[in-house]
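Architecture at a glance
Each chain, letter by letter, is given below.
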Amino acid sequence: MADKEAIVYIIDLGSSMGECHNGRVESDLDWSMRYVWDKITTTVASSRKTWTLGVVGVRTDETNNPLQESQGEGYENISILREIGPMNLAQLRSLQTQIEPSDSESGDSVSAIVLAVEMIEKFTRKLKYKRKIILVTDGEAPIDPDDFDEIAAKIKDCGIELVVLGVDFDDADFGFKEEDKSSQKRENESFLKELVDKCDGVYGTMAEAIAELEIPRIKSVRPYKTYDGELTLGNPGEHKDAMSISVERYFKIHKATVPPASRVFLETEAGPSQAADGDEMEGVEPTGVFTAVKNARTYKVNDPEAPGGKRDVEFESLAKGYEYGRTAVHISESEYNITKVETTKSFTILGFIHQEKYEPFFNMGESGVTIAQKHNDAAALKLSSFIHSLQELESYAVARMVAKDGKDPALILLAPHIDPDFECLYDVPLPFAEDVRNYPFPPLDKVITVSGNVKHEDHRLLPNKELSEAMDDYVDAMDISNWEKDDEGNRTLEYATVEDLFCPPLHRINQVVRHRAIYPGQPLPPVAPILLKYSHPPEDLITRGKTKLEDLIDAANVKKVPPKAKGRGERGSKAQPISGLDVDALLSQPQNKRKKIDPQNAIPEFKQMVEYASEESEIEDAARQMGGIIRSVITDSFGDCGYDRAMEDLRVFRDTMVRWEMPALYNSFLKDLKKRLLSGELGGDRRELWWQMKGAKATLGLIDQSVSDPSNVTSEEAAEFFKK
């Protein structure tokens, strides 16, 4: 069952809260409400009916509370702005209109606490709830210190946590002290601090609370049991000496997903047709701004006799088909159930492996933790013995687990973990044979020559001693294992621990959604600095390693490579031969220019003809010849034997036109080629080639404006070209 909580926020709405202090450009109320709105929107976003809240205003112009009516005095200028209950976004917007500074200067914050205790006690009764009262005030109104002992006893008896956050309250731990504080405020601070101490609550300054808002809050997750049963070694049903331990398995590491966005329609004007429909988006509250969107899927098959050449079919008439080459193999539902491998729930140890022989790259994904069954002392004793045996032998266990009947089996590695007060088995998924990718790569510590000799040094591809030492020094200089400062300012702590690494997309989306829910008309806030903290190395660490990096660059003889020129400007940037012979001048002479491309050597001669063209008409002529050669290759191809050559010619044709910024020549040819291919003009049915071209559309498709500026083809048109 989900945790229940009841929170009452007491907001000081006195006239002094509308003023700005200590150099702030926003009022004390708006500044304080940053914290309150953040907490409330977190409750709203959870969508849990058991997470309830209420809001009480103190120093309001009106008085609206039952205690004033029943007791007659002591509760003036206190109003219940919202009774305790679940909250949604519409109610949040309604509450925002009530949070404004009043003209009142009187109202007892302690009396408001008494009212909040009464509200919580009435709502929660004796049920199991997490109860909390949060008071936000600037301490400028008089407070009656009488009956603090009784109030504190009542708060503790009800199990309520009292949190007092004061605007510009002094806090030595946070390092804040307000100068020129009024005597009234100084006295109230001591009163509230006394009350908080008596009921074991939390007392702090608002500046600290707001500063902590940028620190992402990790969502508490209830334990999820992935397996509950026996961990066996051998078959207990056949062998009496087989091991069987009652265990439970939970997630230890499970990826936190980024919250998805629902697809809605933003209405500019309210339409009566939508309101009359009454359809609501599943899981989304209806508002006057959004209209429900429903998805509908249709299935069509080719039918020459149907209008448009296609006919709708029902989902129930569809069957499963698996790809087998370029065709599909049908397996009926009854046959599918027969062919499915039947498995039963089990957790069985297959064998053991020494720790030093296990390779870390075998870890396949999310890890789990296995403990003994709760309230089972015999199982705890057995599992403890097994864990200690693995620890002493420095070994891991390999197990096969089926979480439920019918589930696919999984191989996992069990590793022992022993703490003074906790023992368990941590596990990670292992790969099957099909999951392992073995790619051959040349070794880094040796070079094998053509003659078969093995060299470990004195080779241009191997680092010398000076380079190795320079790299070692640079790595040591950039070491972050002890770079974080402790409380005394010494660098003794680990930098970038797992506890301090937060998922930027997850928390950024949560930050933006909360801000937009509170302030729909304001621009989005900047990214919290803590989410960008580890995007770059620390500046002081870079400074420390700068000299070592320069030594490493010198030892490795690293030189900056000049950027490659693009477009037609490349013609004048060619490297000159050592002999000084001007090859370009020779090939540019009319008698030496190539006028016809040999189909047997099409690519080099096409490039050469384009390279030494002096006019655009010569490039157009080369493009026409290349197009004719491609069509001839396709027409003369026996089956698909010439398809690879045709596609390579196409790729070179396209790349050359991109380089020389003449995309129209290639685009017009490709459109014509598509018509000829699909109509059968190029030696019969060549649709197989068209399918291959679709698979390589990134390198063979139309040249759009994102690739070449002179193109008149948009990205959408280029994508649509292969769909028709």
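One can find the structure itself at the top, above this paragraph.
The written sequence of each chain sets the order in which its residues are numbered from 1. A pLDDT threshold of at least 70 governs which residues receive local features in this predicted model, and a stricter bar of 80 or more applies before side-chain atom pairs are shown or counted, although totals over entire chains, interfaces and linings include all residues. To get the side-chain values, all heavy atoms of the structure are used, and hydrogens and water are removed first.

**Observations regarding the overall build of the protein chain**
Just so we agree on the cut-off: To qualify as a helix, a DSSP run of H or I must reach at least 4 residues; to qualify as a strand, a run of E must reach at least 2; elements of each kind are numbered from the N terminus. Based on C-alpha atoms, the radius of gyration is set beside the globule rule, defined as 2.2 Å times the residue count to the power 0.38. Residues are treated as being in contact if the distance between any of their heavy atoms lies within 4.5 Å. Per-residue and other accessible areas follow the Shrake-Rupley method at a 1.4 Å probe size, with only the shown protein chains counted as cover for residues. We treat Lys and Arg as the positive residues and Asp and Glu as the negative residues; His and chain ends play no part in the count. Positions of charges follow a simple convention, taking NZ of Lys, CZ of Arg, CG of Asp or CD of Glu.
The number of helices and strands found in the protein chain is 22 helices and 23 strands. Its C-alpha radius of gyration of 37 Å places the protein chain more than 25% over the 27 Å reference for a compact globule of 724 residues. Overall, the protein chain is about 110 × 75 × 75 Å in size when its C-alpha atoms are taken along their principal axes. For the protein chain, restricting intrachain contacts to residue pairs at least 6 apart in sequence, the fraction spanning at least 24 positions comes to 66%. Accessible area of the protein chain: about 45900 Å², with a carbon and sulfur share of 52%. Within the protein chain, one finds 90 positive and 127 negative side-chain charges whose respective centroids are separated by 8 Å.

**Focus on the nonpolar core**
Selection criterion: By convention a nonpolar core is built from buried Ala, Val, Leu, Ile, Met, Phe, Trp, Tyr and Cys residues, the set being connected through side-chain atoms within 4.5 Å. We call a residue buried when its accessible area falls under 20% of the maximum for its residue type, exposed when it is over 50%, and partly exposed in between, using a 1.4 Å probe and counting protein chains only.
If you look at the biggest cluster of nonpolar residues, it comprises 42 residues, and the most contacted ones within it are Phe606, Leu650, Phe653, Met657, Leu673 and Met693. Contributions of two or more residues to this core are made by α16 (602–611), α17 (616–636), α18 (643–659), α19 (663–679), α20 (687–695) and α22 (715–721). Per element, the largest residue contribution to this core is 8 residues, and it comes from α17. Listed in part, the 37 residues of the second largest apolar core include Val58, Ile113, Phe148 and Ile155.

**Considering the side chain of Ser708**
Position of Ser708 among the secondary structure elements: in the loop between α21 (697–700) and α22. In this view, Ser708 contacts Glu661, Pro663 and Ile703; residues no more than four positions away in its chain are not counted.

**Focus on the pattern of salt bridges**
Close approach of charged atoms lets side chains of opposite charge pair. The line we're drawing: The salt bridge definition used is simple: a Lys or Arg side-chain nitrogen within 4 Å of an Asp or Glu carboxyl oxygen.
If you walk through the whole model with that rule in mind, you get 33 salt bridges. For the salt bridge of Asp228 with Lys225, the shortest nitrogen-to-oxygen distance reads 3.5 Å. Residue classification places Lys225 among the partly exposed residues on the basis of a relative accessible area of 35%. Arg651 is paired through a salt bridge with Asp655; the nearest N and O atoms lie 3.0 Å apart. You can see Arg651 and its partner Asp655 sitting in helix α18, 4 residues apart, about one turn around the helix.

**Focus: α18**
This is how the line gets drawn: Here the expected span of a helix is defined as 1.5 Å times the quantity of residues minus one.
The first and last C-alpha atoms of α18 sit 24 Å apart over 17 residues, in line with the 24 Å expected at 1.5 Å per residue. Along α18, the residues that are buried comprise Tyr643, Ala646, Met647, Asp649, Leu650, Val652, Phe653, Arg654, Thr656 and Met657. Downstream of α18 by a residue or two, Glu661 has a phi angle that is positive, lying close to 55°.

**A closer look at the side chain of Arg82**
Going by this rule: What qualifies as a polar contact is a pair of N or O atoms within 3.5 Å, subject to a donor-acceptor requirement within protein and to the restriction that residues adjacent in sequence count only when both atoms come from side chains.
Turning to its location among the elements, Arg82 is positioned in strand β3 (residues 78–85). Buried charge without a partner: Arg82 forms no salt bridge, and the closest opposite charge is Glu83, 8.4 Å away. Of note is the side chain of Arg82, whose polar atom sits 3.1 Å from the backbone oxygen of Gly85. Within the local environment of Arg82, its side chain forms a polar contact with the side chain of Gln91, the two groups lying 3.1 Å apart. Among all residues touching Arg82, those that are not within four sequence positions of it are Leu53, Gly54, Val55, Met87, Gln91 and Met119.

**Brief notes about the pairing of strand β6 (residues 202–205)**
Quick note on the threshold: At least two bridges found by DSSP between two strands are what make those strands a pair. Throughout, right-handed denotes a crossover for which the path from the first strand over the helix to the second runs clockwise when the strands point away from the viewer.
Here 4 bridges tie strand β5 (residues 160–166) to β6, and the two strands are oriented parallel to one another. Bridge assignment links Val163 to a residue of β6, and that residue is Val202. Handedness of the β5-helix α6 (residues 183–198)-β6 crossover: right-handed.

**Digging into the packing of aromatic side chains**
Each aromatic ring pair is characterised by the separation of its centres together with the angle its planes make. Operational definition: Two aromatic rings from Phe, Tyr or Trp, using only the six-membered ring of Trp, form a pair when their centres are within 6.5 Å; if the ring planes differ by under 30 degrees the pair is stacked, by over 60 it is edge-to-face, and anything between is tilted. We call a charge positioned above a ring when the Lys NZ or Arg CZ atom is no farther than 6 Å from the ring centre and deviates by at most 35 degrees from the ring normal.
Scanning the model with the defined rule gives 17 aromatic pairs in all. With 6.0 Å between their ring centres and 70° between their planes, Phe123 and Tyr129 make a pair best called edge-to-face. Arranged with centres 5.8 Å apart and planes meeting at 45°, the rings of Tyr299 and Phe315 form a pair that is tilted. Pair noted here: Tyr299 is in strand β11 (residues 299–302) and Phe315 is in the loop between β12 (310–313) and β13 (321–324), with a separation of 16 residues, a long-range link. Through successive ring pairs, a cluster of aromatic residues spans Tyr358, Phe361, Phe362 and Tyr396. A cation over an aromatic ring shows up here: Lys674 above the ring of Phe721, its NZ or CZ 4.6 Å from the ring centre.

**Regarding the packing of α16 against α18**
What counts, and what does not: Lines fitted to C-alpha atoms define the axes, with helix axes restricted to the stretch in contact, and inter-axis angles between N-to-C directions lie between 0 and 180 degrees. Orientation is classified from the angle alone, with under 35 degrees giving roughly parallel, over 145 giving roughly antiparallel, 65 to 115 giving roughly perpendicular, and any other angle giving oblique. Crossings are assigned a handedness: left-handed for a near helix turned anticlockwise from the far helix by less than a right angle, right-handed for a clockwise turn.
Interhelical geometry of α16 versus α18 gives an angle of 15° and a closest axis separation of 11 Å. The pairing of α16 with α18 is recorded here as roughly parallel in orientation. Taken as a pair, α16 and α18 cross one another with a handedness that is right-handed. Contacts from Ile603, Phe606, Lys607, Val610 and Glu611 in α16 reach Glu648, Asp649, Val652, Phe653, Thr656, Met657 and Arg659 in α18.

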